[in-house]
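For reference, the chains in residue letters:
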Amino acid sequence: MFMKQVMTGIFTAAAMASLLASAQAAEEKHIFKFDDVAWQETGLEGAEMAVLWGKEEDGSAVYAFRIQPGVGIPPHTHSNDYWGMAIQGNWAHIDEEGREVITAQNAFVRIKADDLHSDRCAGPEVCINVLDFNGTRDIAFPQ
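Remember, predicted model here, so these are calculated numbers, not experimental data.

Parameters and conventions
Residues numbered from 1 in each chain as written. Predicted model: local features only at pLDDT ≥ 70, side-chain atom pairs only at ≥ 80, totals over all residues. Heavy atoms only, no water. Pairing = 2+ DSSP bridges. Helix = DSSP H or I, 4+ residues; strand = E, 2+ residues; numbered from the N terminus. Axes fitted to C-alpha atoms, helices over the stretch in contact; angles between N-to-C directions.

**Student:** Summarise the sheet that holds strand β3 (residues 62–67); cite the residues concerned and give the values.
**Tutor:** With respect to topology, six strands assemble into an open sheet ordered β1-β2-β3-β10-β5-β8, the strand pairing being antiparallel. Each of the sheet's edge strands pairs with one partner strand only, and the pair in question is β1 (40–41) and β8 (108–111). With six bridges joining them, strand β2 (residues 47–53) and β3 adopt antiparallel strand pairing. Residue pairing across strands places Ala50 opposite Ala64, the latter belonging to β3.

See the structure below:
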């Protein structure tokens, strides 16, 4: 439970800082490149995140995750469904039974609330994924 609270706090703080930077940039531009996004550390080496638009407080935020090739996010769940797509790279999605599906720019995913899953960037290039949660975003790592 303590680890869940720590990880949730780290992810929330990173997203809030990113949201402020994105809001400031949005006032000046109308086209945004992923190279210019205010990426924040997630607490997992090789994985960064940013709020692209919307607000975390009301659950309207849309997130981007940048994951280095070969980096995996351990099995976890979320309290709300989300839709996601790979903007760049090959995103490996692993379900609770260990079945792995690689999605690239030709597909998108829907993950239901409380479904245990893990993610990995299958490379060869950096993965950039965009996720839109049905409500607020959280993450829980079961022990």
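**Student:** Tell me about the sheet that holds strand β6 (residues 91–95), and please be specific about residues and values.
**Tutor:** The four strands lie next to each other as β4-β9-β6-β7, forming an open sheet whose pairing is antiparallel. For this open sheet the edge positions go to β4 (72–76) and β7 (100–103), each flanked by a neighbour on one side alone. Along the sheet, successive strands turn relative to each other by an average axial angle of 15°, direction set aside.

As far as function goes, none of this settles anything; it's purely spatial.
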